[in-house]
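The residues making up each chain are set out below.
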Amino acid sequence: MAGSVRPGGRTARVRAAVLAATQDELVERGFHGLAMDQVATRAGVGKTTVYRRWGSPAGLVVDLMKELAEQFLAHADTGAVEGDLLASALSMVEALGDKRLGPTLEAMIAAATCDDQAALALRAFYARRIEVWAKAVGLAVERGELPMGTDGPEVVRAVSAPLYYRQVVIREPVTREDAERSVARTLAAARAGEFVVAGAGV
């Protein structure tokens, strides 16, 4: 697997330097401007090391996505589903608006459109986020705030989708008001049973 390394020691330091340089290059040049030689120079490592371990710009992006996925913290637990989902939505607003992380996510999406390996990594990246935040929906079901059988991942996707569409597709900055609106609309549908998996609530 491109970029796979043993934890700890010089190998881990090289990987950290290369992934940091990859993210810097993505922010400045985008995926299509990502060059292996430039990443190596920026990271202060040999070009042969970068080519041998990551193989291609897509390999660099794949490993960066894996690293970022591991950085997700546990979901919020405010004691109410509105607060938990709003925390999720606001974390996304913050990420998309971040001057470093926002362009990185957009470059990841660009990479996924033209490279199968990057597309798989992008799905894994978001699957991890959805998995973490879907737990908040499970807690809401246990508290009786949402119907039995509510599909947690689908609720999280419904909150997230309008925010990504606005920021990434039509290129409009997302705001707290956008997040609040998406949460309110999703919760109205969830409470009405629109996200209940057939037979799961029986």
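As the structure is a computational prediction, the values presented were derived from the model and not from experiment.

Draft legend 1. Spotlight on the overall build of the protein. Helix and strand counts for the protein come out as nine helices and zero strands. Helices and strands appear in the protein in the N-to-C order α-α-α-α-α-α-α-α-α. Considered along the principal axes of its C-alpha atoms, the protein spans approximately 60 × 35 × 30 Å. Surface exposure of the protein reaches about 10,200 Å², of which carbon and sulfur atoms provide 54%. The average position of the 24 basic charges and that of the 25 acidic charges among the side chains of the protein differ by 8 Å.

Draft legend 2. Representation of the pattern of salt bridges in the model. On inspection of all chains with the given rule, the structure shows 18 salt bridges. Note that Glu 106 and Arg 171 form a salt bridge whose closest N and O atoms lie 2.7 Å from each other. In this pair, Glu 106 is assigned in helix H6 (residues 101-112) and Arg 171 in the loop between helix H8 (152-169) and helix H9 (176-191), connecting sequence segments 65 residues apart. Residue Arg 171 is classed as exposed on the basis of its relative accessible area of 54%. Across the salt bridge formed by Glu 154 and Arg 157, the nearest N and O atoms sit 2.5 Å from each other. Of the two residues, Glu 154 and Arg 157 are both situated in helix H8; the distance of three residues between them amounts to about one turn of the helix.

Draft legend 3. Molecular detail of the packing of aromatic side chains. Following the criterion strictly, the structure yields two aromatic pairs and no others. Grouped by ring-pair contacts, the aromatic residues Phe 125, Tyr 126 and Tyr 164 constitute a single cluster.

Draft legend 4. Structural context of the packing of helix H5 (residues 81-97) against H9. Viewed as axis vectors pointing N to C, H5 and H9 meet at an angle of 140°, and their least axial separation amounts to 9 Å. Between H5 and H9, the crossing angle belongs to the class labelled oblique. With respect to the hand of their crossing, H5 and H9 are arranged in right-handed fashion. Here H5 contributes Val 81, Glu 82, Leu 85, Leu 86, Ala 89, Leu 90 and Val 93 to the contact with H9, which in turn contributes Arg 176, Ala 179, Glu 180, Val 183, Leu 187 and Arg 191. For the contact of H5 with H9, the per-class residue count stands at nine nonpolar, no polar and four charged.

Draft legend 5. Molecular detail of H5. Between the first and last C-alpha of H5 there are 24 Å, a value that for 17 residues agrees with the 24 Å anticipated at 1.5 Å per step. Within H5, the full set of buried residues consists of Val 81, Asp 84, Leu 85, Leu 86, Ser 88, Ala 89, Met 92, Val 93, Ala 95 and Leu 96. Summarising the contacts, the buried residues of H5 are in contact with H6, helix H7 (116-142), H8 and H9.

Draft legend 6. Seen up close, the nonpolar core. Counting 61 residues, the largest nonpolar core has Val 18, Val 50, Val 61, Leu 85, Met 108 and Leu 146 as the members making the most contacts within it. It is H7 that provides the largest number of residues to this core, a total of 13 residues. Contact partners of Val 61, with chain neighbours within four places excluded, come to Leu 26, Phe 31, Leu 34, Met 108 and Ala 111.

Draft legend 7. Seen up close, a nonpolar patch on the surface. Judged by side-chain polarity, Tyr 165, Val 169 and Ile 170 come together as a nonpolar surface patch covering roughly 290 Å² of accessible area. By the secondary structure assignment, Tyr 165 is in helix H8.

Draft legend 8. Highlighting the environment of Ser 91. Along the chain, Ser 91 falls in helix H5. The class for Ser 91 is partly exposed, based on a relative accessible area of 28%. C-alpha separation for the pair Ser 91 and Val 62, spaced 29 residues apart in sequence, amounts to 22 Å. If near-sequence neighbours (up to four positions away) are discounted, Ser 91 is found in contact with Arg 129 and Trp 133. Polar side-chain contacts of Ser 91 include one of 3.0 Å to the side chain of Arg 129.

Rules and cut-offs
- Along each chain, residue indices are assigned from 1 in the same order as the chain's sequence is written.
- Two thresholds apply to this predicted model, a pLDDT of at least 70 for residue-level local features and 80 or more for giving and counting side-chain atom pairs, whereas whole-chain, interface and lining totals are computed over all residues.
- With hydrogens and water set aside, each side-chain value is computed from the structure's full complement of heavy atoms.
- Numbering goes from the N terminus for both helices and strands, where a helix is a DSSP run of H or I of at least four residues and a strand is a run of E of at least two.
- Method for areas: the Shrake-Rupley scheme with a 1.4 Å probe, in which residue coverage is limited to the protein chains shown.
- Under the convention used here, Asp and Glu are negative, Lys and Arg are positive, and both His and the chain ends fall outside the count.
- Every charge is mapped to an atom, namely NZ of Lys, CZ of Arg, CG of Asp or CD of Glu.
- Put simply, a salt bridge is a Lys or Arg side-chain nitrogen that is within 4 Å of an Asp or Glu carboxyl oxygen.
- Each residue is placed in one exposure class: buried if its accessible area under a 1.4 Å probe, protein chains only, is under 20% of its type's maximum, exposed if it is over 50%, and partly exposed if it falls in between.
- Put simply, two rings from Phe, Tyr or Trp (the six-membered ring, in Trp's case) pair if the centres are within 6.5 Å, and we call them stacked under 30 degrees between planes, edge-to-face over 60, tilted for the rest.
- Every axis corresponds to a line fitted to the C-alpha atoms, with the helix fit spanning only the stretch in contact, and the corresponding angles, defined between N-to-C directions, vary from 0 to 180 degrees.
- Orientation categories follow fixed angle ranges, with anything under 35 degrees roughly parallel, anything over 145 roughly antiparallel, 65 to 115 roughly perpendicular, and all other angles oblique.
- With the far helix as reference, a near helix turned anticlockwise by less than a right angle produces a left-handed crossing, and one turned clockwise produces a right-handed crossing.
- Note on contacts: a residue pair is in contact if any heavy atoms of the two residues lie within 4.5 Å.
- Under the scheme applied, nonpolar residues are Ala, Val, Leu, Ile, Met, Phe, Trp, Tyr, Cys and Pro; charged residues are Asp, Glu, Lys and Arg; polar residues are all the others, including Gly.
- For a helix, the expected span equals 1.5 Å multiplied by the residue count minus one.
- Residue types Ala, Val, Leu, Ile, Met, Phe, Trp, Tyr and Cys, when buried and joined through side-chain atoms within 4.5 Å, form a set referred to as a nonpolar core.
- Exposure above 30% relative accessible area and no salt bridge define the residues that can form patches, which grow by joining like charges within 9 Å and nonpolar side chains of Val, Leu, Ile, Met, Phe, Trp and Tyr within 5 Å.
- N or O atoms within 3.5 Å of each other form a polar contact, as long as, within protein, one can give a hydrogen and the other can take it, and as long as residues adjacent in sequence are counted only when both atoms are side-chain atoms.

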